[in-house]
Amino acid sequence: MHKSVQDITEMKAESKKISVVTSYDYTLASLCDKSGIDVLLVGDSAGMVMLGYENTIPVTMEQMCMFTEAASNARKNALLVADMPFMSYQAGVEEAIRNSGRLIKAGADAVKLEGGATLARTIRAIVDVGIPVMGHIGLQPQTTMLHQGYKVQGKTHDTAATLIQDATALEDAGAFSIVLEMVSHEVAGIISDKVRIPTIGIGSGPHCDGQVLVIQDLLGMYEKIKPKFAKRYMNLSEDIVNAISQYNNDVRSGAFPSEENYFSMNPGEAEKLRDEIGS
Ligand code: KIV
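Summary of the structure given here. (Residues numbered from 1 in each chain as written. Predicted model: local features only at pLDDT ≥ 70, side-chain atom pairs only at ≥ 80, totals over all residues. Heavy atoms only, no water.)

Turning to a nonpolar patch on the surface, a few remarks are in order. Taken together, the side chains of Ile240, Ile244, Tyr247, Val251 and Phe256 make up a nonpolar region of the molecular surface, amounting to roughly 450 Å² of accessible area. Along the chain, Tyr247 falls in helix α11 (residues 236-253). (Patch = residues over 30% accessible without salt bridge, like charges linked within 9 Å, V, L, I, M, F, W, Y side chains within 5 Å. Areas by Shrake-Rupley, 256 points an atom, 1.4 Å probe, with all protein chains shown as cover. Salt bridge = Lys/Arg side-chain N within 4 Å of Asp/Glu carboxyl O. Helix = DSSP H or I, 4+ residues; strand = E, 2+ residues; numbered from the N terminus.)

Okay, structure coming up:
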């Protein structure tokens, strides 16, 4: 049986840190799940790392459902949370409910939405139909590109106060946890102390109840943007390029395939065939 929303919320009560990584495809999601990660997040960052978009704005519900299905086919132990893409929940509560239901049908256990207090009514409505919601405040990539750009959030008293109000509003609306993206570590700590639900930080310091990284950043596979907060545990892109160029050389030189990579007819059959067709 995989982890439940309750298992994750209880981790905060037991002072256990929560590990989250993004997953969008069967192969990597299987490995993340096998490594004992608590939550797999099908983030709309898929738009950038899987589809090559400049930002997450173009991502569609169809794409998110496909990534969610792939991760869900792989997951055995972790909780699976899927992102609601830009404009799948902003136009109205009914549409938000319908779209969160689509992600649940695709295999997610919960959905994640970007936004603070202004989204509380929508979150309450989704929770009321029985779908667990993870909030997401601080830097909100779906809208940030439209106005402020990638900047640390909560650096002043006033912006910090708004973030704290947003976090409380999400908790009151029934969210089971909140992602804090690029929030100053002091404010992330204050929010984590204030709310009972777990906070999951990305670039928000050590006081959050859990941490999330984009899997391509963690593995050192995504070269376009290398954020300061994304710790690279290996340089997989280098190893991948080396392996593929060795294959390329082997194909060109004829070193691949060798005997262990191909198949033979039964003994005597090839000769029989050659005699028959006269070759
Ligand atoms: O889309 C995503 O991957 C996210 C995480 C970075 C929190 O929202």
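Now that the structure is up, let's keep going.
Here strand β2 (residues 39-42) shows a buried face lined by Val39 and Leu41 and a second buried face lined by Leu40 and Val42. Where strand β1 (residues 18-22) lies against β2, three bridges are found, and the strand directions are parallel. From the neighbouring strand, Thr22 faces β2, where its bridge partner is Leu41. Taken together, β1, helix α2 (residues 26-34) and β2 constitute a β-α-β crossover, and its handedness is right-handed. Pairing analysis gives four bridges linking β2 to strand β3 (residues 79-83), with the strands arranged parallel. Paired with Val39 across the two strands is Leu79, which belongs to β3. (Buried < 20%, exposed > 50% of the residue type's maximum accessible area, 1.4 Å probe, protein only. Pairing = 2+ DSSP bridges. Right-handed = clockwise from strand over helix to strand, strands pointing away.)

Now for the pattern of salt bridges. Note that side chains of opposite charge can pair when their charged atoms are close. Per the stated rule, a full pass over the model turns up 13 salt bridges. The shortest N-O distance in the salt bridge between Arg75 and Asp109 comes to 2.7 Å. Pair noted here: Arg75 is in the loop between α4 (61-74) and β3 and Asp109 is in the loop between α5 (93-105) and β4 (110-112), with a separation of 34 residues, a long-range link. Side by side, Arg75 and Asp109 carry an identical accessibility label, which is buried. A salt bridge links Glu171 to Arg196, with the shortest nitrogen-to-oxygen separation between them at 3.7 Å. In this pair, Glu171 sits in helix α8 (residues 157-173) while Arg196 sits in the loop between α9 (185-194) and β7 (199-202), placing the two residues 25 residues apart along the sequence. Here Glu171 falls in the buried class, since its relative accessible area comes to 11%. The class for Arg196 is exposed, based on a relative accessible area of 65%.

A separate point is the packing of α8 against α9. Two elements in contact, α8 and α9, have axes separated by 10 Å at closest approach and are oriented at 30°. One element, α8, and the other, α9, form an angle in the roughly parallel class. Crossing of α8 against α9: the hand is right-handed. Taking contact as the criterion, the partners of Ala160, Leu163, Ile164, Ala167 and Thr168 in α8 are, on α9, Val187, Ile190, Ile191 and Lys194. (Axes fitted to C-alpha atoms, helices over the stretch in contact; angles between N-to-C directions. Parallel < 35°, antiparallel > 145°, perpendicular 65-115°, else oblique. Left-handed = near helix turned anticlockwise from the far one by under 90°. Contact = heavy atoms within 4.5 Å.)

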